[in-house]
Amino acid sequence: MPAPENPFKKALAAGDMLYGCWAGFADAYATEILGTAGFDWLVLDGEHAPNDVRSLSVQIQALQGSASHPVVRVPIGEDWIIKQVLDAGAQSLLVPMVDTAEQAEALVRAMRYPPEGVRGSGAALARASGFGAIPDYITTANDQMCLIVQIESRAALENLDAICAVDGVDAAFIGPSDLANDMGYRGDATAPEVMEAMKDALARIKTAGKASGILAIDHDIAMMYRDWGGQMLAVGIDVVLFAQAARDLAAKWHDG
Ligand SMILES: O=C(O)C(=O)C[C@H](O)[C@@H](O)CO
């Protein structure tokens with residue numbers, strides 16, 4: 001029996017439009033609720049939400065059977081955290097701050113067992129292999145790995161074509177906030193120079209034959225990103241949705 005097929009990797013390669021949401025409560029119960037909403041994918045955010053391997057693992061479990069595919073964002077693109085979240089059952093990783101092709105190549109290797117890569121072998125006690133119930137996991141898992149690199153600096157834009165040319169990179173995801181900050185427009189991802197850079201990057205990613213991704217919680221901006229070719233489109237953040245709804249409700253009664 002082989003490793004489970006990665007439907008998200010397949011859908012990206014097919015060019016499907018995929019709508020997602022950030023899951024930032026770092027809580028399995030909240031993520032399970034979000035998993036009933038109908039998004040195609042959810043980012044379990046290990047970079048900016050208070051997650052660790054255990055909280056990420058239980059959120060992956062909570063999405064078992066959900067139509068929402070878990071995309072785990074690791075805090076940093078290093079081998080040790082990648083092997084832990086892959087053993088926990090993640091098949092699709094979003095890696096922040098990827099600036100060079102060399103970084104992308106190292107990430108491809110970190111997600112794969114030898115000889116293609118350097119992923120450590122712990123399948124016998126890993127959730128990913130069904131705790132050993134999938135006898136062919138180690139020999140088949142490499143093909144189901146989905147790597148989404150984040151493009152969020154001037155250096156990454158400069159190296160974008162080389163990054164997209166790396167075999168094993170499935171998608172390039174633009175981080176508007178960090179890109180704006182690095183471009184000198186701190187806190188303003190709608191600055192014309194930033195918007196132009198993101199529009200150009202989305203086109204270049206598509207030309208390179210890779211899937212593209214981006215995030216916008218503003219509806220009109222998200223629509224524009226989609227018009228620019230954004231395929232893996234994050235359109236919300238659960239923490240923002242909850243906070244705003246709570247504030248609106250309080251104001252509604254206070255301000256009657
Ligand atoms: O730079 C960005 O924008 C992202 O990578 C997304 C943010 O990290 C996400 O937390 C929303 O602000």
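- For the chain, an unreviewed UniProt entry supplies the name HpcH/HpaI aldolase/citrate lyase family protein and the organism Roseovarius phycicola.
- As stated in UniProt under Catalytic activity (unreviewed entry), the record for the chain gives "D-glyceraldehyde + pyruvate = 2-dehydro-3-deoxy-L-galactonate".

Structural notes on the packing of aromatic side chains
At step 1: Applying the stated criterion to the full structure yields six aromatic pairs.
At step 2: For the ring pair tyrosine 113 and tyrosine 137, a centre distance of 6.2 Å and an interplane angle of 85 degrees mean the geometry is edge-to-face. Of this pair, tyrosine 113 sits in the loop between helix H5 (101–110) and helix H6 (137–140) while tyrosine 137 sits in helix H6, and the two are 24 residues apart along the sequence.

Observations regarding the pattern of salt bridges
At step 1: As enumerated under the stated definition, the model contains eight salt bridges in all.
At step 2: Note that arginine 119 is salt-bridged to aspartate 87, the shortest N-O span being 2.9 Å. Within this pair, whereas arginine 119 is found in the loop between H5 and H6, its partner aspartate 87 is found in helix H4 (residues 79–87), the two being separated by 32 residues in sequence.
At step 3: Residue classification places arginine 119 among the buried positions, given a relative accessible area of 2%.
At step 4: Residue class for aspartate 87 comes out buried when judged on its relative accessible area of 18%.
At step 5: Residue arginine 154 pairs with aspartate 182 through a salt bridge whose shortest N-O separation is 2.8 Å. Placement of arginine 154 in helix H7 (residues 154–158) and of aspartate 182 in helix H9 (residues 176–182) is noted, with a sequence separation of 28 residues between them.
At step 6: Members of the salt-bridge network, linked through shared partners, are Asp45, Glu47 and Arg73.

Points about the sheet that holds strand E8 (residues 232–237)
Pairing between sheet strands relies on hydrogen bonds along the backbone, with the strands arranged either parallel or antiparallel.
At step 1: Pairing is parallel around the closed barrel formed by eight strands, whose spatial order is E1-E2-E3-E4-E5-E6-E7-E8. Taking the axes of each pair of neighbouring strands and ignoring which way they run, one obtains an average angle of 25 degrees across the sheet.
At step 2: As defined by bridge partners, strand E1 (residues 18–23) adjoins strand E2 (residues 41–45) across four bridges and the pair is classed as parallel. Residue pairing in the sheet places cysteine 21 in a bridge with leucine 42 of E2.

Here we look at the pairing of strand E5 (residues 146–151)
At step 1: When you tally the buried positions in E5, you get six out of six residues, the bulk of the element.
At step 2: Sheet topology places strand E4 (residues 92–95) next to E5; four bridges connect them, and they run parallel. Within E5, the position partnered with leucine 94 by the bridge is isoleucine 148.
At step 3: One ladder, built from four bridges, connects E5 with strand E6 (residues 171–174); its direction is parallel.

Some details on the site of the ligand
At step 1: Residues in contact with the ligand, as listed here, are Trp22, His48, Arg73, Gln150, Glu152, Gly175, Pro176, Ser177, Asp178, Leu215 and Ile237.
At step 2: Between the ligand and glutamine 150 there is a distance of 2.9 Å, counted from an oxygen atom to a side-chain nitrogen or oxygen.
At step 3: Between an oxygen atom of the ligand and a main-chain N or O atom of serine 177, the distance comes to 2.8 Å.
At step 4: For the ligand, whose accessible area on its own is 320 Å², the fraction buried by protein is 84%.
At step 5: When its residues are assigned to classes, the shell around the ligand shows four nonpolar, four polar and three charged.

How each quantity is defined
- Residues numbered from 1 in each chain as written.
- Predicted model: local features only at pLDDT ≥ 70, side-chain atom pairs only at ≥ 80, totals over all residues.
- Heavy atoms only, no water.
- UniProt positions renumbered as here; feature names shortened; annotations may be inferred.
- Phe/Tyr/Trp six-rings, centres within 6.5 Å; stacked < 30°, edge-to-face > 60°.
- Helix = DSSP H or I, 4+ residues; strand = E, 2+ residues; numbered from the N terminus.
- Salt bridge = Lys/Arg side-chain N within 4 Å of Asp/Glu carboxyl O.
- Buried < 20%, exposed > 50% of the residue type's maximum accessible area, 1.4 Å probe, protein only.
- Pairing = 2+ DSSP bridges.
- Axes fitted to C-alpha atoms, helices over the stretch in contact; angles between N-to-C directions.
- Near = heavy atom within 4 Å.
- Polar contact = N/O pair within 3.5 Å; in protein donor to acceptor, adjacent residues only side chain to side chain.
- Areas by Shrake-Rupley, 256 points an atom, 1.4 Å probe, with all protein chains shown as cover.
- Nonpolar A, V, L, I, M, F, W, Y, C, P; charged D, E, K, R; others polar.

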